[in-house]
Amino acid sequence: MANVIAIDIGSSFIKLTEVEVRPKIRLLNAIIFKNPNDAKSIQKEINKHISPKKLNTYIVGVTLPNTAVSTISMFLPKMNKAELTSAAITEAKRRLIPVSSPDHIFEYSVIGEKTVSKIHKLEVLAVRTEKSHIQALLNLFQESGITPSFITPSCCCLPGLIPKNLRSEDKDVLFVDIGTSSLGIHICREGHLAVTRNIAYGLNDIIRDLSRQFNISDEEAETAVREYGVSQTILDIKDKVAVAEEIMRQKYEAGNADDKNKINFLELRMFWQAHIERIINELRRSFIYYKEQSGGRSIEGIYFLGGGSQIKNLVDILSGSIGGQCKIISSLFEDMNSTPIFANALSLALDIASSEYRHKLINFIPPELKKEKTAGLRRFGLFAACICLMAVFGIASLNMFINSRLLEASFKETEFELNRLKKTADKLKILDQQESRVKNLSSKIEMILKQKLDFSLILEELKRLTPERALFVQVSISKGGKGDNLASETKTMPEYGQALSSPGKVNSDGRYIVEIKGEVSADYEDAVKIIGEFRKLLASSRYFSSIEIVPLELEQISVREENMNGELRLTREKIRDFTITFEISAK
């Protein structure tokens, strides 16, 4: 199965998740960007992260906003699929408010079976949306070069996010989606969406209310919500008189001109209390309704998602008020590096990628597009079958042709091998003669190498004795007495990277003359000391003898203060050249 891309189109942001199906399901990419409400801009943003060529090979799913759908659960007698589809749509048209029109389309999913008055019935969730919403999505992505395979309400994807421990025990789970413009409350039972509510109240309403009450701009209010969140306090929020007195006291103590426009945290906490109570009341209404509708079942786990769940301390305070096992949905995806903002897109991608949930998904793709996709798959299957048959016949014919060629080639190869063996016997005689010559040359080369002086130990010794402040400019090595310079091969000093000359052969007396031209960065007095110490070190080595140093060129005394201790220097510090010669014994 191809990889999956799920796109969640929100009122403010578009979220995109890329999921790899094989070898195992894992999140490859998660992208969020502002909703430009423009097909070209959306395509441009998506192509920044996923190439169009790659995108065309993926299965694409799009979430339908909860605000664009209406849902209702009902009990219907057991019947075949065609009759169930007709009955579910007819019953949904009759019971859904506002009244359905020809502009509406319907889909449904089976929640489970239940015995009602000793009669086995199917519990069905019917979903309604407007054709214009579906067509707008298709037009939007058609202009972007994307062909969706699934258009699914975001609330219908959430059952795939239920933790395995709750799913295996058939426990009921509540998902609370605190979005930018709406509050979604979704209850799942036995791995299916059972009840969903969508309240037109979200973060934008809270930000506008904060902006109005504190007389600040919407941008400042949004920054305060995201930066400060819901402030914690040790005061009893219900004691409004004590809270008001504490707010006045804090404002009086902070009452300098610079702090007048700053938000008081306790006042911000009191502002949040009204919105927290509204959210709690909506949750409690949902609990009561579900308990009555389900025959006394209770919620075992509560999970928060959406951008509102990331507001500091909001989920903790809601959890303390409603009780139960409350978690932020991000804790379920630590191995996927996801956040609550991507929960809807990720849940759709996981459902499409999972064979367990893919066939249960509600899909509002028009029937004609579904038929085109099915027909395309059939045509592709037939084409692939024809290709396979042609490949089988081609392979069989090729196999016969290859076998005949192999037999012919084997005869020629045998004849060639006989001729080659004759030539090989002649070559072996020639090789024996050449081998004896090579042995003679090798013995002569070994004798020459034994006479050659091994400079590696001598160079290591010279490297060890060289002062840190001395830099070699040129090192020349010649054979025999002084002035008896011979041609040499070039080597490189391991420490200083300077050219080094070494002879190819030791003369009869086994002596080498070394001349080093170097530089010392110091005043005249220190330079003399450094060169003198170098001479002593060379003299102490068993390799070097007859050491001679060319005296440094004298210069005019110029008294100046050079160091921080106030010491007087007779000459200024500069780079001074020196030359030193000595002998190396080859024995």
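Just so you know, these numbers come straight off a predicted model, no measurement behind them. (Residues numbered from 1 in each chain as written. Predicted model: local features only at pLDDT ≥ 70, side-chain atom pairs only at ≥ 80, totals over all residues. Heavy atoms only, no water.)

> I'm lost on the overall build of the protein chain in this one. Help?
Looking only at helices and strands, the protein chain features 15 helices and 21 strands. Evaluated residue by residue, the protein chain yields a buried proportion of 40% over its 587 residues. Long-range contacts, defined as pairs at least 24 residues apart, comprise 68% of the intrachain contacts of the protein chain with a sequence gap of at least 6. Looking at the protein chain as shown, the accessible area adds up to about 34,700 Å², and 53% of this sits on carbon and sulfur atoms. (Helix = DSSP H or I, 4+ residues; strand = E, 2+ residues; numbered from the N terminus. Buried < 20%, exposed > 50% of the residue type's maximum accessible area, 1.4 Å probe, protein only. Contact = heavy atoms within 4.5 Å. Areas by Shrake-Rupley, 256 points an atom, 1.4 Å probe, with all protein chains shown as cover.)

> Teacher, can you tell me more about the pattern of salt bridges here?
It is possible for side chains bearing opposite charge to pair when their charged atoms get close. This model, assessed by the stated rule, comprises 18 salt bridges. For arginine 208, the salt bridge goes to aspartate 205, with nearest N and O atoms at 3.2 Å. Residue arginine 208 and its partner aspartate 205 are located together in helix 6 (residues 203-214), separated by 3 residues, close to a single helical turn. On the basis of relative accessibility, which here comes to 43%, the residue arginine 208 falls in the partly exposed class. On the basis of relative accessibility, which here comes to 26%, the residue aspartate 205 falls in the partly exposed class. Note that arginine 420 is salt-bridged to glutamate 417, the shortest N-O span being 2.5 Å. Taken together, the positions of arginine 420 and glutamate 417, both in helix 13 (residues 367-451) and 3 residues apart, correspond to about one turn of that helix. For arginine 420, a relative accessible area of 37% translates into the label partly exposed. Taken together, the salt bridges that share partners define one network made up of Glu91, Arg94 and Arg95. (Salt bridge = Lys/Arg side-chain N within 4 Å of Asp/Glu carboxyl O.)

> What exactly am I supposed to notice about the sheet that holds strand 2 (residues 13-20) here?
Sheet strands pair via backbone hydrogen bonds, and the direction of the pair is either parallel or antiparallel. A sheet is described by the order of its strands in space; here 5 strands give the open sequence 3-2-1-4-8, paired in mixed fashion. Single-partner strands in this sheet number two, and they are strand 3 (26-34) and strand 8 (150-153). Mean inter-strand twist for the sheet, computed between neighbouring axes without regard to direction, equals 20°. Taken together, the 4 bridges between strand 4 (residues 59-64) and strand 8 define a ladder with parallel strand orientation. Among the inter-strand pairings, leucine 64 is bridged to a residue of strand 8, identified as proline 153. Helix-sheet contacts for helix 11 (residues 343-353) involve strand 1 (4-9), strand 2, strand 3, strand 4 and strand 8, and the interaxial angle to strand 1 is about 150°. (Pairing = 2+ DSSP bridges. Axes fitted to C-alpha atoms, helices over the stretch in contact; angles between N-to-C directions.)

> Teacher, can you tell me more about helix 11 here?
Residues that lie three or four places apart on an α-helix share one face, since the helix turns once every 3.6 residues. Along helix 11, 11 of the 11 residues are buried, which leaves the element largely enclosed by surrounding structure. Among the residues making up helix 11, those that are buried are Ala343, Asn344, Ala345, Leu346, Ser347, Leu348, Ala349, Leu350, Asp351, Ile352 and Ala353.

> Where do I start with a nonpolar patch on the surface in this structure?
A surface patch of nonpolar side chains, about 380 Å² in accessible area, is lined by Leu398, Phe401, Ile402 and Leu406. When you line up the elements, isoleucine 402 lands in helix 13. Judged by relative accessible area, which is 37%, isoleucine 402 ranks as partly exposed. (Patch = residues over 30% accessible without salt bridge, like charges linked within 9 Å, V, L, I, M, F, W, Y side chains within 5 Å.)

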